[in-house]
Amino acid sequence: MVGRRRRFALSDTAQQIIGGFLLAGPFVVTEEVWVLARSMSWPQALLTVVIVFVIGYGALYKADDRDPDRETEVGGIPVRFISLVAVSYLSVVILAIAFNAPETFLGVDAGAGSLRPLVVPAGLGATVKAISIGAIFSVIGAATADSLY
C-alpha cells in the first residue's frame, strides 16, 4: 500500500535533528560559506530557500513512498515537512550561535557568545544568507535520517 508507514512522532523529529545537525556542522564552521554569504544577493538567498523546500519535499514524498495527502497537516502542510524545514534551519542557527560563527567570520565585534551579530545590520544579512546555505545541507541530512526508518 502506498502511503505513510506510520504516524509522524517525536522519534521522527529526533531522527531529523540528528541528521540535520550532522550535516550542518561542517558548513557552519567553514569560512568559505561565510565569504559566499557576504557576496550573495537577496535573490540568490531566496533561491537557496527554494532549494531547501524542494529538496525536503522531494526527499520526503518523491524519493520515498509517503503520501503527503495521508499525513497530519497544519494549514494544509504536512507536519513532517514543517518539522523537516524547521529542523533544517534551526540546527544551523543553533550551531552558528554555539560556535560564535557570525562574530568569528563576519568580524562583528560584539563580545564572545553575544547574539548581536544576528541583529545588527552589519551581520544580519550575511548571517541569514549563511544560514540559508547551511540549511541546504542540513535538509539533506534531516530528510535522509527521517527516511531511514
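Structure first, text after, so check above.
Note that the coordinates shown come from a computational prediction; the quantities given were computed from them, not determined experimentally.

Definitions and cut-offs
Residues numbered from 1 in each chain as written. Predicted model: local features only at pLDDT ≥ 70, side-chain atom pairs only at ≥ 80, totals over all residues. Heavy atoms only, no water. Helix = DSSP H or I, 4+ residues; strand = E, 2+ residues; numbered from the N terminus. Polar contact = N/O pair within 3.5 Å; in protein donor to acceptor, adjacent residues only side chain to side chain. Contact = heavy atoms within 4.5 Å. Axes fitted to C-alpha atoms, helices over the stretch in contact; angles between N-to-C directions. Parallel < 35°, antiparallel > 145°, perpendicular 65-115°, else oblique. Left-handed = near helix turned anticlockwise from the far one by under 90°. Expected span 1.5 Å × (residues − 1). Buried < 20%, exposed > 50% of the residue type's maximum accessible area, 1.4 Å probe, protein only. Arc of directions from axis to C-beta.

S.K.: Could you give an account of the side chain of S88, with specific residues and numbers?
M.R.: Structurally, the position occupied by S88 is in helix 4 (residues 79-98). At 2.7 Å, the side chain of S88 and the backbone oxygen of L84 are in polar contact. If we skip the residues at most four places from it in the chain, S88 touches A135, S138, V139 and A142.

S.K.: Quick rundown of the packing of helix 3 (residues 42-62) against helix 4? Include the residues and the values.
M.R.: Where helix 3 meets helix 4, the axes come as close as 10 Å, and the angle between the chain directions of the two elements is 135°. As far as their axial angle goes, helix 4 and helix 3 are oblique. Helix 4 is crossed by helix 3, and the crossing has right-handed handedness. In contact with T48, V49, V52, F53, G56, Y57, L60 and Y61 of helix 3, helix 4 contributes R80, F81, L84, V85 and Y89.

S.K.: For helix 3, give the residues involved together with the corresponding values.
M.R.: End to end, helix 3 covers 29 Å across 21 residues, agreeing with the expected 30 Å (1.5 Å per residue, within 8%). What helix 3 keeps buried is the set A45, T48, V52, G56, L60 and Y61. For helix 3, the arc enclosing every buried residue in end-on projection is 165°, short of the 170-degree limit, so these residues lie on one face. Set apart from the buried face of helix 3 by more than 90 degrees, the exposed residues are P43, L46, V54 and K62.

It is worth stressing that arrangement in space is one thing and function is another; only the former is reported here.
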